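A structural walkthrough
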Amino acid sequence: MTLQTNNVALITGASGGIGKQFAYLHAAKGGDLVLVARSKQSLETLKLELENQYKVSVTVIAQDLAKPDAAKTLFEHTESLGIQVDVLINNAGFGGHGKFHERDLAAEQAMMQLNMVTLTELSHFYLQGMVARNRGKVLNVSSTASMLPGPLQAVYYASKAYVTSFSQALAEEVSDTNVTVTVLCPGTVNTGFVEAGNLQGVDAWKNAASAESVAKCGYQAMEKGQLLVINEASLHFMLNWIIPLLPRKLVLKLSRQAMEKTA
């Protein structure tokens, strides 16, 4: 198979969770895919499934995007393959639990690299082509965590605040083109994020949304060129109409309580 023009989506963190669901959604619409994650085996399994079920072409790139210069390496790889990326979905990211001064600094640095630096660099590389062609879509996966400070997840919350701010600024910068930038800010989601981030026992994940429902919400918002979307109406109301009215110290206490472990 050869990759189609005008409908190729590159998805990071595509081996599971929300990223995998994005892949299903795009393939179901007949779009070709470039799937990026660390696990080559998981990506190859997904590739076979998507190509057999949807008759699309899938390119697999196994790469650790938490490494410096990962974005440049990935971009140069797709360029060498002659792949034109029309949809960029920056989904890869991870968190971590605990007091900042007690956590491993290398883990925090890798988190910042993946959640912010790699996302920024990939946006830079692929946006240039989109703007030159005057078409394209970028979807950055952030979090409702981006809308308030996060004691016990200080770096994660701060990194997502960057993603939300950065994405909205980009959207305005390209508003005179046919390129759109959308930021998805979900609440808790039932994925491997809990285990990877040592968040077992945090009550906030007891009623987490499914990865499928969150991906659908974000993908549809991207298709419409929406600026920012939150997957739950109750969260949207609370974050926009309640939290801003509360004293800052109270917000910090409530935010910390939400991340405290009960088991």
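Attention here is on the structure that accompanies the text. (Residues numbered from 1 in each chain as written. Predicted model: local features only at pLDDT ≥ 70, side-chain atom pairs only at ≥ 80, totals over all residues. Heavy atoms only, no water.)

**Brief notes about the side chain of H26**
Inclusion rule: Secondary structure elements are defined from DSSP: runs of H or I of at least 4 residues count as helices, runs of E of at least 2 residues count as strands, and each element is numbered from the N terminus. Note on definitions: a residue-residue contact is assigned when non-hydrogen atoms from the two residues lie within 4.5 Å.
You can see H26 is positioned in helix α1 (residues 17–28). Setting aside residues no more than four positions away along its own chain, H26 makes contact with N7, V8, A9, G31, D32, L33, V87 and Y219.

**Thoughts on the packing of aromatic side chains**
The test is simple: The rule is short: rings of Phe, Tyr and Trp, with Trp giving its six-membered ring, pair when the centres are within 6.5 Å, and they are stacked under 30 degrees, edge-to-face over 60, tilted in between. Relative accessibility under 20% of the residue-type maximum defines a buried residue, over 50% an exposed one, and the middle range a partly exposed one, all with a 1.4 Å probe and only protein chains included.
Following the criterion strictly, the structure yields four aromatic pairs and no others. Between Y156 and Y157, the ring centres sit 6.3 Å apart and the planes meet at 75 degrees, which makes this aromatic pair edge-to-face. Like Y157, Y156 is buried. Grouping aromatic residues by their ring pairs yields a cluster made of F75, F125 and Y126.

**Observations regarding the pattern of salt bridges**
The line we're drawing: Should a side-chain nitrogen of Lys or Arg be within 4 Å of a carboxyl oxygen of Asp or Glu, the pair is scored as a salt bridge.
Scanning the model with the defined rule gives four salt bridges in all. For K29, the salt bridge identified is with E223, shortest N-O distance 3.4 Å. Separated by 194 residues along the polypeptide, K29 in the loop between α1 and β2 (32–37) and E223 in helix α7 (residues 211–224) bring together distant segments of the chain. For K29, a relative accessible area of 51% puts it in the exposed group.

**Some words on unusual backbone geometry**
One can expect most non-glycine residues to show negative phi and most peptide bonds to be in trans. One non-glycine residue with positive phi stands out, namely K55, at about 60 degrees. In this fold, K55 is placed in the loop between α2 (40–54) and β3 (58–62). For K55, a relative accessible area of 61% translates into the label exposed. Phi at L152 is positive, roughly 80 degrees, even though this residue is not glycine. Tracing the backbone shows L152 in the loop between β5 (136–141) and α5 (154–173). Note on L152: relative accessible area 10%, which makes it buried.

**Brief notes about the nonpolar core**
Under the convention used in this document: What we call a nonpolar core is a set of buried Ala, Val, Leu, Ile, Met, Phe, Trp, Tyr and Cys residues that are connected through their side-chain atoms within 4.5 Å.
I11, F22, L33, L35, L50 and L184 are the most contacted members of the largest nonpolar core, which has 32 residues in total. Residue assignment for this core shows that the elements contributing at least two residues are β1 (8–12), α1, β2, α2, β3, β4 (87–90), β5 and α7. Top contributing element to this core by residue count: α7, with seven residues. In contact with L35, other than residues within four places in its own chain, are I11, A14, A23, L43, L46, L50, V58, T59, V60 and I61. Counting 29 residues, the second largest nonpolar core, distinct from the first, contains A70, A71, Y126 and V179.

**Examining α7**
Applied cut-off: Helices are assigned an expected span. That span is 1.5 Å times one less than the residue count.
Between its first and last C-alpha atoms α7 spans 20 Å; for 14 residues at 1.5 Å apiece the expected length is 20 Å, and the two agree. Those residues of α7 not exposed but buried are A211, V214, A215, C217, G218, Y219, A221 and M222. Of the residues flanking the end of α7, it is G225, one or two places downstream, whose phi is positive at about 75 degrees.

**A few points about the sheet that holds β5**
Keep this limit in mind: Whether two strands pair depends on DSSP finding at least two bridges between them. Helix axes are fitted only over the stretch in contact, all axes being lines through C-alpha atoms; the angle between N-to-C directions runs from 0 to 180 degrees.
With parallel pairing, the seven strands of this open sheet are ordered in space as β3-β2-β1-β4-β5-β6-β9. The sheet terminates laterally at β3 and β9 (228–229), the two strands that pair on one side only. Of the pairings in the sheet, the one linking β2 to β3 comprises five bridges and is parallel in character. Residue pairing across strands places A37 opposite A62, the latter belonging to β3. Strand contacts of helix α3 (residues 70–80): β1, β2 and β3, with the helix running at about 145 degrees to β3, the strand carrying the most contacts.

**Re a nonpolar patch on the surface**
Test applied: Here a patch means residues that are over 30% exposed by relative accessible area and free of salt bridges, tied together within 9 Å if like-charged and within 5 Å if nonpolar (Val, Leu, Ile, Met, Phe, Trp, Tyr). Residue burial considers only the protein chains on display, and all accessible areas are found by Shrake-Rupley using a 1.4 Å probe.
Taken together, the side chains of F237, M238, W241 and I242 make up a nonpolar region of the molecular surface, amounting to roughly 430 Å² of accessible area. Here F237 shows up in helix α8 (residues 233–242). By relative accessible area, which is 49% here, F237 ends up partly exposed.

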